Amino acid sequence: MSQIKFAYWVPNVSGGLVVSKIEQRTSWDIDYNRKLAQLAEANGFDYALSQIRFTAGYGAEFQHEPVAFSHALLAATTRLKVIAAILPGPWNPAVAAKQIATIDQLSGGRVAVNIVSGWFKGEFQAIGEPWLEHDERYRRSEEFIRALKGIWTSDSFSFRGDFYRFSDYTLKPKPLQQPHPEIFQGGSSRAARDMASRVSDWYFTNGNTVEGIKAQIDDIRAKAAANQHSVKIGVNAFVIARETEEEARAVLAEIIEKADPEAVNAFGDAVKQAGKASPEGEGNWAKSTFEDLVQYNDGFKTNLIGTPRQIAERIVALKAVGVDLILTGFLHYHEEVVYFGQQVLPLVRELEARQATEAVAA
Ligand SMILES: Cc1cc2nc3c(=O)[nH]c(=O)nc-3n(C[C@H](O)[C@H](O)[C@H](O)COP(=O)(O)O)c2cc1C
């Protein structure tokens, strides 16, 4: 029986995971983050995901670079896998492949990448990077992933794409992980789903209802099967686990009540503008309300808000529609990662084991 996996968003940018003035006992500094990574791996988390932001905006005044930061977290841990976000455009695949191969060697094979396609036009303008329209960003990301795989798995790699070119390139040393470090991608639009069904190992999507996630998974799995490709699914969720449901709901209400409306609305405008060119209007944030946007990636929608038992039951319901991993965020990371590991995770494992026994009996 495969167990559902857990990841957490690394708070490597300031301001935490919600755009709110509520107290957050979370810090973006390296000491806090090293300790967090150690707590997470001791409490059942499999992965940590670091984020890429080049400039401030909508909170996040300070941002540590994710590849370097991920390496520091790998050096401070022994089992945790760390996923570094990489943004095609600013990154070129030759540099990324080389950086990640070296980190894979240095970390005993524990690094992974999250190829993101970008939502923040202002950031691209600030660093002088051309801003491509939505589906073109995905075309570039797909070439980027094909280039990474080619460089990591073959010698004398040649590639002639519209964005990248390689001629008889041989990378040495190759990454330790075989066939290559895992490749995640972030986004929910049709272009994102199509790319996942062709090249990525993992599809990461924003928070959503079970039905909303099921619709995406059914679409991706059907397309992937036609391409003879297999892809796993990770879903974002902002977790508020408290002893009673009332307490958890009160925390959510306070986060929203203390939201910074200017920052949330500006963020909403930017992300909707970024997705406008996605013709079918199904991308991340296409249907997000003000309240949803207080958590950058619609993490409230997944509704992992309540008692440990309620949360465990909802996680198992997500697993039942095909989710392989829950990407978590928390208000007070150190305390809540431990609480989650001690109070929620054992219930998830119990429910998973019961379901497996029932399946055998049936
Ligand atoms: C789990 C997850 C993580 C993401 N991480 C980042 C990131 O670190 N930096 C970034 O610029 N965008 C990040 N994104 C946003 C994507 O780059 C993309 O712009 C966004 O999801 C919209 O894509 P869509 O139009 O295909 O839905 C992330 C998205 C998801 C779902």
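The coordinates are above.
Source: prediction; values computed, not measured. (Residues numbered from 1 in each chain as written. Predicted model: local features only at pLDDT ≥ 70, side-chain atom pairs only at ≥ 80, totals over all residues. Heavy atoms only, no water.)

**Concerning the overall build of the protein**
The criterion, for reference: Numbering of helices and strands starts at the N terminus; helices are DSSP runs of H or I of at least 4 residues and strands are runs of E of at least 2. Radius of gyration means the value over C-alpha atoms here, while the globule rule gives 2.2 Å times the residue count to the 0.38 power. We call a residue buried when its accessible area falls under 20% of the maximum for its residue type, exposed when it is over 50%, and partly exposed in between, using a 1.4 Å probe and counting protein chains only. Contacts are residue-level and defined by heavy atoms, with any inter-residue pair within 4.5 Å sufficient. Methods summary: accessible areas were calculated by the Shrake-Rupley approach with a probe of 1.4 Å, and residue burial reflects only the protein chains presented. In this tally Asp and Glu are treated as negative and Lys and Arg as positive; neither His nor the chain ends contributes. Just so you know, the charge point we use is NZ for Lys, CZ for Arg, CG for Asp and CD for Glu.
Helix and strand counts for the protein come out as twelve helices and twelve strands. The C-alpha atoms of the protein give 20 Å as radius of gyration, which agrees with the globular expectation for 362 residues (21 Å, within 12%). The principal-axis extent of the C-alpha atoms belonging to the protein is close to 60 × 55 × 40 Å. A buried classification covers 58% of the 362 residues belonging to the protein. Summarising the internal contacts of the protein: among those between residues at least 6 apart in sequence, 76% fall at separations of at least 24. For the protein, the exposed surface amounts to about 14600 Å²; the carbon and sulfur share of it is 52%. Within the protein, one finds 39 positive and 45 negative side-chain charges whose respective centroids are separated by 5 Å.

**Quick word on the pairing of strand 5 (residues 157-160)**
Along a regular strand, successive side chains alternate from one face of the sheet to the other. Going by this rule: Following DSSP output, two strands are said to pair if at least two bridges run between them.
Covered by surrounding structure in strand 5 are Phe157 and Phe159 only, the residues Ser158 and Arg160 on the alternate face being uncovered. Note that strand 5 and strand 6 (residues 165-169) share three bridges and pair antiparallel. For Phe157, the partnering residue across the bridge sits in strand 6 and is Tyr169. In textbook terms, the turn of a hairpin is the stretch between consecutive antiparallel strands, and for strand 5 and strand 6 this stretch comprises four residues.

**Digging into the site of the ligand**
Threshold: Distances are taken per atom, and a residue is near a molecule or strand as soon as one of its heavy atoms is within 4 Å of it. Polar contacts, as counted here, are pairs of nitrogen or oxygen atoms within 3.5 Å of one another; within protein the pair requires one atom able to donate a hydrogen and one able to accept it, and residues that are adjacent in sequence qualify only if both atoms are side-chain atoms. In this classification, the charged set is Asp, Glu, Lys and Arg, the nonpolar set is Ala, Val, Leu, Ile, Met, Phe, Trp, Tyr, Cys and Pro, and all remaining amino acids, among them Gly, are polar.
In the vicinity of the ligand lie 24 residues, with His134, Tyr138, Ser188, Ser189 and Asn284 positioned nearest. Separating an oxygen atom of the ligand from a backbone N or O atom of Ile52 is a distance of 2.9 Å. At 2.9 Å, a backbone N or O of Ser188 approaches an oxygen atom of the ligand. With the chains in place, 96% of the 620 Å² that the ligand exposes on its own is no longer accessible. In terms of residue class, the shell around the ligand is made up of ten nonpolar, 14 polar and no charged.

**Focus on unusual backbone geometry**
With an omega of -5°, the peptide bond between Lys172 and Pro173 qualifies as cis. Take Pro173: it is sitting in the loop between strand 6 and strand 7 (183-186). Backbone torsion omega between Gln178 and Pro179 reads -5°, so that peptide bond is classified as cis. Secondary-structure assignment places Pro179 in the loop between strand 6 and strand 7. At Asn303, a residue that is not glycine, the phi angle is positive and equals roughly 60°. Along the polypeptide, Asn303 turns up in the loop between helix 10 (290-293) and strand 11 (305-306). A relative accessible area of 25% means that Asn303 is categorised as partly exposed.

**Some remarks on the pairing of strand 12 (residues 325-329)**
A large share of strand 12 lies buried, amounting to five of its five residues. Burial along strand 12 is two-sided: the residues Leu325, Leu327 and Gly329 and Ile326 and Thr328 are all buried. As judged from the four bridges shared by strand 1 (residues 5-9) and strand 12, these two strands associate in the parallel manner. Residue Ala7 lies in a different strand from strand 12, and its bridge partner there is Leu327.

**Concerning the pattern of salt bridges**
To be explicit about the condition: Think of a salt bridge as a Lys or Arg side-chain nitrogen and an Asp or Glu carboxyl oxygen that are within 4 Å of each other.
Applying the stated criterion to the full structure yields 26 salt bridges. A salt bridge links Arg139 to Glu136, with the nearest nitrogen and oxygen atoms 2.8 Å apart. Within this pair, Arg139 and its partner Glu136 are both found in helix 5 (residues 134-153), separated by three residues, close to a single helical turn. A salt bridge links Arg242 to Glu336, with the shortest nitrogen-to-oxygen separation between them at 3.3 Å. Of this pair, Arg242 sits in the loop between strand 10 (240-241) and helix 8 (245-257) while Glu336 sits in helix 12 (residues 333-361), placing them 94 residues apart in sequence. Owing to a relative accessible area of 16%, Arg242 belongs among the buried residues under this scheme. Judged by relative accessible area, which is 9%, Glu336 ranks as buried. Linked by salt bridges that have partners in common, Asp135, Arg190, Arg193, Asp194, Asp219 and Lys223 make up one network.

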